[in-house]
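# Summary of structural features
Here are the chains, one letter per residue:
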Amino acid sequence: PESAVMVQGMKNFLFHWKQRNYGDENEGSSVSGAASSLNTYCQSTFESLTKSNKTHSSSGVLEDSSKLRRSLESFVYGQAYQTILKGIESSLERQKNNNVSDALFT
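Our subject in this report is the structure included herewith. Going along each chain's sequence as written, the residues are numbered from 1 onward. Two thresholds apply to this predicted model, a pLDDT of at least 70 for residue-level local features and 80 or more for giving and counting side-chain atom pairs, whereas whole-chain, interface and lining totals are computed over all residues. Calculation of side-chain values draws on the structure's entire complement of heavy atoms; hydrogens and water are dropped beforehand.

The next point concerns a nonpolar patch on the surface. Patch rule: a residue counts if its relative accessible area is over 30% and it has no salt bridge; like charges are joined within 9 Å, and nonpolar side chains (Val, Leu, Ile, Met, Phe, Trp, Tyr) within 5 Å. A 1.4 Å probe and the Shrake-Rupley method give the accessible areas. Residues count as covered only by the protein chains that appear here. Think of a salt bridge as a Lys or Arg side-chain nitrogen and an Asp or Glu carboxyl oxygen that are within 4 Å of each other. Together, Y77, Y81, L85, I88 and L92 line one region of the surface with nonpolar side chains, adding up to about 500 Å² of accessible area. Helix and strand definitions here come from DSSP, where helices need a minimum of 4 consecutive H or I residues and strands a minimum of 2 consecutive E residues; each element is numbered from the N-terminal end. Residue placement: L85 occurs in helix α3 (residues 58-104). Exposed residues in this analysis have more than 50% of their type's maximum accessible area, buried residues have under 20%, and partly exposed residues fall in between, with area computed by a 1.4 Å probe over protein chains only. Residue classification places L85 among the partly exposed residues on the basis of a relative accessible area of 45%.

Structure (structure tokens):
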């Protein structure tokens, strides 16, 4: 229950991230830029979560931190991987079309 607000915030971020990077109006968005923004989000969220977790003993914090990082990365990956794959496919298709049109006009 106490993490429900955090999960809802993460879902909200990912929804807006998908729209910003891969929405219909942003079809040409950079895959590396989208991945970079996800990485930055994960890092800042992890740091925020570990700061709130500092009340544990030093050995408990380390163990909890590694589990926390894996859980966070798994959640974000589960929510974003299909979107990233579609972006990569779209990017490859655009590049293929550009190469074909370049060949036609040379």
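A word on the nonpolar core. Only buried Ala, Val, Leu, Ile, Met, Phe, Trp, Tyr and Cys residues count toward a nonpolar core, and they belong to the same one when joined by side-chain atoms within 4.5 Å. If you look at the biggest cluster of nonpolar residues, it comprises 13 residues, and the most contacted ones within it are F13, L14, W17, L38, L72, V76 and A80. Put simply, the parts of the chain that give this core at least two residues each are α1 (4-22), α2 (31-52) and α3. Filtering out sequence-adjacent residues up to four positions away, L14 remains in contact with L38, F75, V76, Q79 and A80. The contact criterion used throughout is that any non-hydrogen atoms of two residues lie within 4.5 Å.

This part takes up α2. Count 3.6 residues to each turn of an α-helix, and residues three or four apart come out pointing the same way. Here the expected span of a helix is defined as 1.5 Å times the quantity of residues minus one. If you check α2, its first and last C-alpha atoms are 32 Å apart, about what 22 residues at 1.5 Å a residue would give, namely 32 Å. Restricting attention to buried positions, one finds in α2 the residues A34, L38, Y41, C42, T45, F46, L49 and T50. On an axial view of α2, the arc spanned by its buried residues comes to 155°, and they lie on one face. In α2, the exposed positions that point more than 90 degrees away from the buried face belong to S32, N39, T40 and K51. Comment: arc refers to directions from the helix axis out to C-beta atoms.

This part covers the packing of aromatic side chains. Two aromatic rings from Phe, Tyr or Trp, using only the six-membered ring of Trp, form a pair when their centres are within 6.5 Å; if the ring planes differ by under 30 degrees the pair is stacked, by over 60 it is edge-to-face, and anything between is tilted. All told, the structure shown has two aromatic pairs when counted by the stated rule. An angle of 5° between the planes, with centres 3.7 Å apart, marks the rings of F13 and Y41 as stacked. With F13 in helix α1 and Y41 in helix α2, this pair connects stretches of sequence that are 28 residues apart. Judged by its relative accessible area of 19%, F13 falls in the buried class. Ring centres of Y77 and Y81 lie 5.2 Å apart, and the angle between their planes is 20°; on these two criteria the pair is classed as stacked. Taken together, the residues span about one helical turn, with Y77 and Y81 both in helix α3 at a distance of four residues. A ring has a charge above it when a Lys NZ or an Arg CZ is no more than 6 Å from the ring centre and no more than 35 degrees off the ring normal. A cation sits over an aromatic face here: R69 above F46, 3.9 Å from the ring centre.

Tracing the sequence through the fold places T50 in helix α2. Judged by its relative accessible area of 12%, T50 is buried. Definition of a polar contact: a pair of N or O atoms within 3.5 Å, with one able to donate and the other able to accept a hydrogen when the atoms are protein atoms, and with sequence-neighbouring residues admitted only if both atoms are side-chain atoms. Within the structure, T50 has its side chain in polar contact with the backbone oxygen of E47 (distance 3.0 Å). Once residues lying within four places of it in the same chain are set aside, the contact partners of T50 are S65 and L68.

From the geometry alone we can't say anything about function, so treat these as descriptive.
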